[in-house]
Amino acid sequence: DAFGLENKAMATLSRGARGLLGGPRRAGARTRGNRAAAASRRQGVGLLVQRRGCNAPGALVCRAAGSDEEDKNSVEKVYNPQTPAGEMLSYYLSEQPHLFQDAVNEQLRLLETEKEEAKEKKKEKGDKEKTDPSELVLYQRMEEVRDLEMTRNLEDLMYFAVVERFTSLGVSMLSPLNDIVDIDGNSDLENLTKGVHSVESLEMVRSHLMQVLSGPAGSPPPNLNSVLKISKLQAAQVYAASVMFGYFLRRVDARFQLEKAMGLLNEVNSDAVERLESIFGQASAAESWDEDAESFVQARAEESAAASDNLPREKPKSKLQEYIETFDQQTLQETAQILSKEGSTLVERQTRGLFGDINELQEEIKNALGGDGPDVLSSPEDLLLRLQEVIASGEVKSLTLTVAAQRRVVLEAVAFGAFLRDIENYVAKETVGLLTGNTFP
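In what follows, the accompanying structure is described. Being a predicted model, the structure only gives us computed values, none of them experimental.

**Quick look at the overall build of the chain**
A tally of regular secondary structure across the chain gives 18 helices and 3 strands. Each of the 441 residues in the chain was classed as buried or not, and the buried ones make up 48%. Considering only residue pairs separated by 6 or more positions, the chain has 86% of its internal contacts joining residues 24 or more positions apart. Looking at the chain as shown, the accessible area adds up to about 21100 Å², and 50% of this sits on carbon and sulfur atoms.

The following block contains the structure:
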């Protein structure tokens, strides 16, 4: 199956996205709202922007439709700095972008120094005689507040470093999403693909994109101009899964490039491998991501037909795809995890800023579907049908968008994940002990 690997990876990433967005839950417990989103996550994700705001010179953010006051308030919720460090970086990014990287490096040095000083003070207190219990509680509280402040400053630093990567590509990022989507689905496609990913990664991105744009049964969409209406919860979960896919792809690609450079890859039949890579490289270079609706849908339909007839695909797998297929389930799952707590927080922050409070959206769908009553819809098909009914009736918040708009927002989500991994890796290399590692079961 040409999409077997992608299905396995997306299943892992979607579980991770639900874990990030849904908070703790009992083992084996799944709300009907979660099952509905899982059953229909392929239906895509949307965004709400005005065309005039996306291509303006120097624009950092695609503006949300609505009044100017609503635009300002909604954009502030996503992209406004939350700390002094963020305020400074936001200023440099908008007013003096040539000094932005120097400002990032300086803030990293300050945060690293502050953390070292805090450790020294804590060690000195530990070496002294025991103090009054009430004073000890006060000191502990002060340390917690100071640690939280440093963490938030680091998160803001990483966040604006990600935003800067989009700005340097000339891509205006998305603003909060509501109601009817209005966007040029062909905008920034070149910058969000070849401007972000390696040649080896591009086919994986294309495969992920086609899977997301496929219908519930895996069928190709009828047309890129077709209009879909989906719940905001579905959109949020697909967006988060796409961010995590981009993060996963960046980690895997770095590992692949390192092993390739060190000669650790299996080079059996290397001549054939080189020929395949040459063919793949030429095909990728000739491919346009800004293709029209008919050619895009036709390509997807031909691939689906070839898969159903057990025919080989026209385009050979890239070496990176073959490399990932050697991963066992544990390695695949470990590679898909976000390494730092700061990184996980930024995925939540961006998703919440664009789509709203995820817990509220989950509760809304749960109530619309009838809560946890005895009339539980057992099959995914029945659940999806019922979900479509409550979306059509307006019982839950939804987005109305074209397939082309889905393509644009998914590509930005994948790029966000890739840039997040780049920044996380940069912080880890340039500093000692600033990032907080995630713990995994």
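Let us keep going from here.
**Thoughts on the pairing of strand 3 (residues 398-402)**
Sheet topology places strand 1 (residues 179-180) next to strand 3; 2 bridges connect them, and they run parallel. Bridge pairing in strand 3 links Ile 180 to Thr 400. Where strand 2 (residues 227-231) meets strand 3, 5 bridges bridge the pair, whose relative direction is antiparallel. Of the residues in strand 3, the one forming a bridge with Lys 229 is Thr 400.

**Observations regarding the packing of helix 10 (residues 232-261) against helix 18 (residues 403-430)**
At a closest axis distance of 7 Å, the pairing of helix 10 and helix 18 adopts a crossing angle of 45°. Viewed along their axes, helix 10 and helix 18 adopt a mutual orientation that is oblique. Where helix 10 crosses over helix 18, the two elements pack in a sense that is right-handed. Contacts between helix 10 and helix 18 involve Tyr 239, Ser 242, Val 243, Phe 245, Gly 246, Tyr 247, Arg 250 and Arg 251 from the first element and Val 409, Val 410, Ala 413, Val 414, Phe 416, Gly 417, Ala 418, Phe 419, Leu 420, Arg 421, Asp 422 and Glu 424 from the second. Looking at side-chain class alone, the contact of helix 10 with helix 18 contains 12 nonpolar, 3 polar and 5 charged residues.

**A word on the environment of Leu 401**
Looking at the secondary structure, you find Leu 401 in strand 3. Sequence separation between Leu 401 and Lys 229 is 172 residues; the distance between their C-alpha atoms is 6.5 Å.

**Some remarks on unusual backbone geometry**
One non-glycine residue, Asp 179, lies in positive phi territory at about 60°. Note that Asp 179 resides in strand 1. At Asp 188, a position not held by glycine, the phi torsion is positive, near 65°. Structurally, Asp 188 can be placed in the loop between strand 1 and helix 8 (189-193). Here Asp 188 falls in the buried class, since its relative accessible area comes to 15%.

Criteria and thresholds
Residues numbered from 1 in each chain as written. Predicted model: local features only at pLDDT ≥ 70, side-chain atom pairs only at ≥ 80, totals over all residues. Heavy atoms only, no water. Helix = DSSP H or I, 4+ residues; strand = E, 2+ residues; numbered from the N terminus. Buried < 20%, exposed > 50% of the residue type's maximum accessible area, 1.4 Å probe, protein only. Contact = heavy atoms within 4.5 Å. Areas by Shrake-Rupley, 256 points an atom, 1.4 Å probe, with all protein chains shown as cover. Pairing = 2+ DSSP bridges. Axes fitted to C-alpha atoms, helices over the stretch in contact; angles between N-to-C directions. Parallel < 35°, antiparallel > 145°, perpendicular 65-115°, else oblique. Left-handed = near helix turned anticlockwise from the far one by under 90°. Nonpolar A, V, L, I, M, F, W, Y, C, P; charged D, E, K, R; others polar.

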